[in-house]
Amino acid sequence: MKCLLIASESAEVLFYWTDPEFELNIQEQYGASQEEGEKPPAFEDSINTLFAPIIISCSTMVDRLGDSYTSFSTENNHTYVLHQFEECLYIAVNGDREEGEEDLKRKIYVMKKMIEVLFGMVTLSSTLIRKELRPQDTEQRTRLWKHLQSLLETYSRLREQDQSFLVEAVERLIHPTLCEQCIEFLERRLVQQINSSVERAGEEVLHAFILVHTKLLAFYSSRNASTLTSSDLLALIVMVQNMYPSNIDLEDTAPEDVENTSAPDIFYTPEPSPTNKDSGTDRDSVNSGRYEESRHEGSSIMESGTPVFEFLDPDIQMAEDSLRTLEAPPPDPSTPSRVFLEVTLKEGCYPMMPHSMYCLPLWPGITLVLLTKIPNSNLAMSVYVFLEAFAKLEKRLSEGLEGSAARGQTSIQDLRNKLDKFIRALGTSDIQTSQLQSVWTEFKSRAFTRGGPGFSRDLVPWCHTMKSQLCGVYRQCFITENTVGGGSPQRLSPSLQDRALTMVQEKLMDWKDFLLVKTVITYLEEFPGLIHFIYVDRTAGQMIAPSLNITDRTTSELGKGPLAHFIKGKVWGLVNTSRLYLQKGYSTVTLRDGDYFFCYFLWFENETGYKLEVKDLPILPDDSAPIGMLAWDYYRKLLRYYSKSHQGEVVKCYELLTVHLGVIPTEYILQHCSQLARKLWEPSRIPLL
């Protein structure tokens, strides 16, 4: 019984997702009220009817009181969590008690993050994002909503199954030799060859990384690239998993397939490289495998030679044809995804800058990802600078600081000159700028003309309109670029992508089976009584942990399914508990739960590994964003807060969560934690980036 809804202030549904139980409940609730023979209402209409009173009451409270409720529970034990982002209201619902308020809040923030990655600065304009989330064309809207629903389901699955998404940090594969070889290969061969090719269509590879399921094998960034934030990297992994889901639990895999994809338990010796003929055959099968799944169902029907139904009612046939029309066609693997990521340069931080993301599946479970800079990305930086300037001006004028705005004539005059030049430059392109030009002319006549009102509150709505117009230009350039000029977007040529894929396959051919079995340095034998741990480097956004395999077919450090499943539940509970205490300002938590003893530690070190003195952590309000790195990077803000008292020193932040048997004396447990942290400090510095 789960649901997530995005709605406008006028109660218009901009997006919804429901699980089958919630959908069935809605259909039974509103379908039963229909008279016999009358068609039931469309599901979207039923959703709208259900949530309209809540949306309207929220808007009314905001208008009259300037505040609204953030959560409530109903008599039938349904929990509702609400959050207003500008003019979009997000509502998350749970009716089976599997998710608490914090879980629902996290889901809302993650959904907002994914929308920002997909639509960039268009999200800063309420009018434009409403149009993007709810296109007038039914077909287009269905495709978009299915894509967003699939992303949300993928994230939910990863958070339930994957430790890296539980703690929101990227898990690394610890294999120093292979990591270094892959990084060197990405730098000296792959990226260099792509960036020097004439087939790159003006794009430049900034980042290249290899994923094994959700785990990072190697990551390379070019010298002129900005650091990829942990938040953006986690969001990209969700997108990659959505395109090429990993069957990590092997539940549906045939035993012979398991044998073929598993390495020996103790030793591994790479097999000899295949011959050119065999290698080419494998590569061809991998390339064609991109389309194999989409062809499979249709081919099984075609081979039978006889239709399932020879005679159909015309109305039924029309309905089936309509449903086929609404089905999203399989994506072209060579077509990049447009993503909007944070870029930090000497000039400052620029959020939601456009990039192209190429996902090249090497083998099932292993993916090469390329992030490229597109030719006109500098235009996005200019738009952000202007948006920020108008946002600051609007804020000062709204607070009644007209004098402050007027005294900043130098910066305002500089803004005027730069924006005039910007609009003139756009005039030579295919981008429609007539509305922007008109609004800007009106703004200048009011702000700079002697007879005009000057810098007063009257300019506030014009600042808001200027921001909308700038977002509109950004949308034309980066969201709807397929229609601008009537051509398709520039991209790396398919042949260049195929060559890149082949190069990496040849590099990893001898290692692929080994990589598909999780190879984590195991420390449990060295610390008697230690059952599980998660070590997180919050500065780098990376984590190390033993595997928690909860299936019966394979064995993990904790044995087979039931025990691992039990410990998994304990670990997930410990993480949630530690976040509650962290929100209240505690950096250390120790608690006993039956036969188990749990520890959580957060501490700071300098660059040499020297532990810094303990400092009181800030206490967060109840309505703050959820602690993590995906939707809201709490730890980056925490590092800034702590670094204020350590000027000129590089400060790093770490976390350690451990689960011990309760019979182990407390002093030994604390000694274990200290020794384990020191032991893990060295592997965390294995070159990866």
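So, how was this worked out
Residues numbered from 1 in each chain as written. Predicted model: local features only at pLDDT ≥ 70, side-chain atom pairs only at ≥ 80, totals over all residues. Heavy atoms only, no water. Pairing = 2+ DSSP bridges. Helix = DSSP H or I, 4+ residues; strand = E, 2+ residues; numbered from the N terminus. Contact = heavy atoms within 4.5 Å. Axes fitted to C-alpha atoms, helices over the stretch in contact; angles between N-to-C directions. Polar contact = N/O pair within 3.5 Å; in protein donor to acceptor, adjacent residues only side chain to side chain. Buried < 20%, exposed > 50% of the residue type's maximum accessible area, 1.4 Å probe, protein only. Core = buried A, V, L, I, M, F, W, Y, C linked by side-chain atoms within 4.5 Å. Phe/Tyr/Trp six-rings, centres within 6.5 Å; stacked < 30°, edge-to-face > 60°. Lys NZ or Arg CZ within 6 Å of the ring centre and 35° of its normal. pLDDT = per-residue confidence, 0-100. Expected span 1.5 Å × (residues − 1). Disulfide = S-S within 2.5 Å. Parallel < 35°, antiparallel > 145°, perpendicular 65-115°, else oblique. Nonpolar A, V, L, I, M, F, W, Y, C, P; charged D, E, K, R; others polar.

J.: Help me get a handle on the sheet that holds strand 13 (residues 542-544), residues and values and all.
T.: Taken together, the six strands give an open sheet; going across it, the order is 6-13-12-16-15-14, and neighbouring strands pair in mixed fashion. The open sheet is flanked by strand 6 (170-171) and strand 14 (588-593), the only strands paired with a single partner. As defined by bridge partners, strand 14 adjoins strand 15 (residues 596-605) across six bridges and the pair is classed as antiparallel. By the bridge assignment for strand 15, Asp-593 is matched with Tyr-596. Most of the contacts of helix 20 (residues 634-643) go to strand 15, to which it runs at about 55 degrees, and overall it touches strand 15 and strand 16 (652-661). Together, strand 12 (530-537), strand 13, strand 14, strand 15 and strand 16 form the strand contacts of helix 21 (residues 666-681), whose direction differs from that of strand 16 by roughly 135 degrees.

J.: Just give me the short version of the environment of Tyr-641, but keep the residues and values in it.
T.: With respect to the secondary-structure elements, Tyr-641 resides in helix 20. In this structure, the C-alpha to C-alpha distance between Tyr-641 and Pro-618, residues 23 residues apart in sequence, is 8.5 Å. Once residues lying within four places of it in the same chain are set aside, the contact partners of Tyr-641 are Lys-615, Asp-616 and Pro-618. Within the structure, the side chain of Tyr-641 is placed 3.3 Å from the backbone oxygen of Asp-616, a separation counted as a polar contact.

J.: Help me get a handle on the pairing of strand 10 (residues 348-363), residues and values and all.
T.: A large share of strand 10 lies buried, amounting to 13 of its 16 residues. As paired elements, strand 9 (residues 337-345) and strand 10 share eight bridges and run antiparallel to each other. Its bridge partner being in strand 10, Leu-345 is matched across the sheet by Gly-348. Following strand 9, the chain reverses through two residues before pairing antiparallel with strand 10.

J.: Would you mind going over the pairing of strand 1 (residues 2-8) in detail, with residue names and values included?
T.: Where burial is concerned, most of strand 1 is hidden: seven out of the seven residues are buried. Burial along strand 1 is two-sided: Lys-2, Leu-4, Ile-6 and Ser-8 and Cys-3, Leu-5 and Ala-7, pointing in opposite directions, are all buried. Here seven bridges tie strand 1 to strand 5 (residues 88-94), and the two strands are oriented antiparallel to one another. Of the residues in strand 5, the one forming a bridge with Leu-4 is Ala-92. Across five bridges, strand 1 lies against strand 2 (residues 13-18) in antiparallel orientation. In the sheet register, Cys-3 faces strand 2, and the bridge partner there is Thr-18.

J.: Explain the sheet that holds strand 2 to me, using residue names and the numbers behind them.
T.: Taken in spatial order, the five strands of this open sheet run 2-1-5-4-3, and their pairing is antiparallel. What marks the edges here is a single partner per strand, and that holds for strand 2 and strand 3 (71-73). Going from strand to strand, the sheet's axes swing by 15 degrees on average, the running direction of each strand aside. Of the strand pairs in this sheet, strand 4 (residues 79-85) and strand 5 are connected by seven bridges, and their pairing is antiparallel. Each residue of the ladder has a partner; that of Gln-84, found in strand 5, is Leu-89. Sitting on the sheet, helix 3 (residues 101-119) is in contact with strand 1, strand 2, strand 3, strand 4 and strand 5, with an inclination near 35 degrees to strand 4.

J.: I'd love a proper account of the nonpolar core, names of residues and values included.
T.: Ile-6, Phe-51, Ile-91 and Phe-604 are the most contacted members of the largest nonpolar core, which totals 152 residues. Not counting chain neighbours up to four residues away, the residues in contact with Phe-604 comprise Tyr-610, Lys-611, Leu-612, Leu-617, Leu-638, Leu-639, Tyr-642, Val-651, Lys-652 and Cys-653. Residues Cys-182, Leu-186, Val-205 and Leu-360 belong to the second largest nonpolar core, which totals 35 residues.

J.: Could you give an account of the environment of Glu-23, naming the residues involved and the relevant values?
T.: Topologically, Glu-23 is positioned in helix 1 (residues 20-31). A relative accessible area of 30% means that Glu-23 is categorised as partly exposed. Placed 21 residues apart in sequence, Glu-23 and Lys-2 show a C-alpha to C-alpha distance of 8.9 Å. Excluding anything up to four places from it in sequence, Glu-23 contacts Thr-18 and Phe-43.

J.: Account for the packing of aromatic side chains, naming residues and giving values.
T.: Applying the stated rule across the entire model yields 24 aromatic pairs. Between Phe-15 and Trp-145, the ring centres sit 6.5 Å apart and the planes meet at 85 degrees, which makes this aromatic pair edge-to-face. Note that Phe-15 is positioned in strand 2 and Trp-145 in helix 5 (residues 138-161), a separation of 130 residues in sequence. Note on Phe-15: relative accessible area 0%, which makes it buried. Judged by relative accessible area, Trp-145 falls into the buried class, the value being 6%. Their ring planes at 40 degrees and their centres at 5.7 Å tell us that Phe-340 and Tyr-474 sit as a pair that is tilted. Here the residue Phe-340 occupies a position in strand 9, and Tyr-474 occupies one in helix 16 (residues 460-478), the gap between them amounting to 134 residues. Summarising the burial analysis for this pair, Phe-340 and Tyr-474 share the class buried. Site record: aromatic cluster; members linked through ring pairs are Phe-15, Tyr-16, Phe-43 and Trp-145. Between Lys-112 and the ring centre of Phe-85, over which it is positioned, the NZ or CZ distance is 4.9 Å. One Lys or Arg, Lys-615, reaches over the ring of Tyr-642 and ends 5.8 Å from the middle of that ring.

J.: An account of the confidence of the model for the chain is requested, with residue identities and associated values reported.
T.: For the chain, per-residue confidence averages 82 on the pLDDT scale, and residues scoring 70 or more make up 79% of the total. A low-confidence stretch, residues 249-328 stays under pLDDT 50, and its non-local contacts, those more than four residues away or across chains, total 57 contacts. Low pLDDT, under 50, characterises residues 482-488; the predicted model gives this stretch six contacts beyond four residues in sequence or across chains.

J.: How would you sum up helix 8 (residues 230-243)? Please name residues and give values.
T.: Its 14 residues give helix 8 an end-to-end C-alpha distance of 20 Å, which sits within 8% of 20 Å, the value for a rise of 1.5 Å per residue. Counting buried positions over the 14 residues of helix 8 gives 13, a clear majority of the element.

J.: Can you tell me about the state of the cysteines, naming the residues and giving the values?
T.: Scanning the entire structure with this criterion turns up zero disulfides. Unpaired in terms of disulfides, Cys-179 finds its nearest cysteine sulfur in Cys-182, a separation of 6.9 Å.

J.: Tell me about unusual backbone geometry, and name the residues and values.
T.: If you check the backbone angles, Ala-201 has positive phi at about 55 degrees while not being a glycine. Structurally, Ala-201 can be placed in the loop between helix 7 (176-195) and strand 7 (204-212). At Met-352, a residue that is not glycine, the phi angle is positive and equals roughly 55 degrees. Its location among the elements puts Met-352 in strand 10. A residue is classified by how much of its surface remains accessible, and Met-352, at 13% relative accessible area, is buried.

J.: Could you give me a rundown of the packing of helix 1 against helix 2 (residues 43-65), with the residues and numbers involved?
T.: Their axes nearest at 10 Å, the elements helix 1 and helix 2 cross at an angle of 85 degrees. Viewed along their axes, helix 1 and helix 2 adopt a mutual orientation that is roughly perpendicular. Facing Phe-22, Glu-23, Ile-26, Gln-27, Gln-29 and Tyr-30 of helix 1, the residues of helix 2 in contact are Phe-43, Ser-46, Ile-47, Thr-49, Leu-50 and Phe-51. Of the residues contributing to the contact of helix 1 with helix 2, the split by class is seven nonpolar, four polar and one charged.

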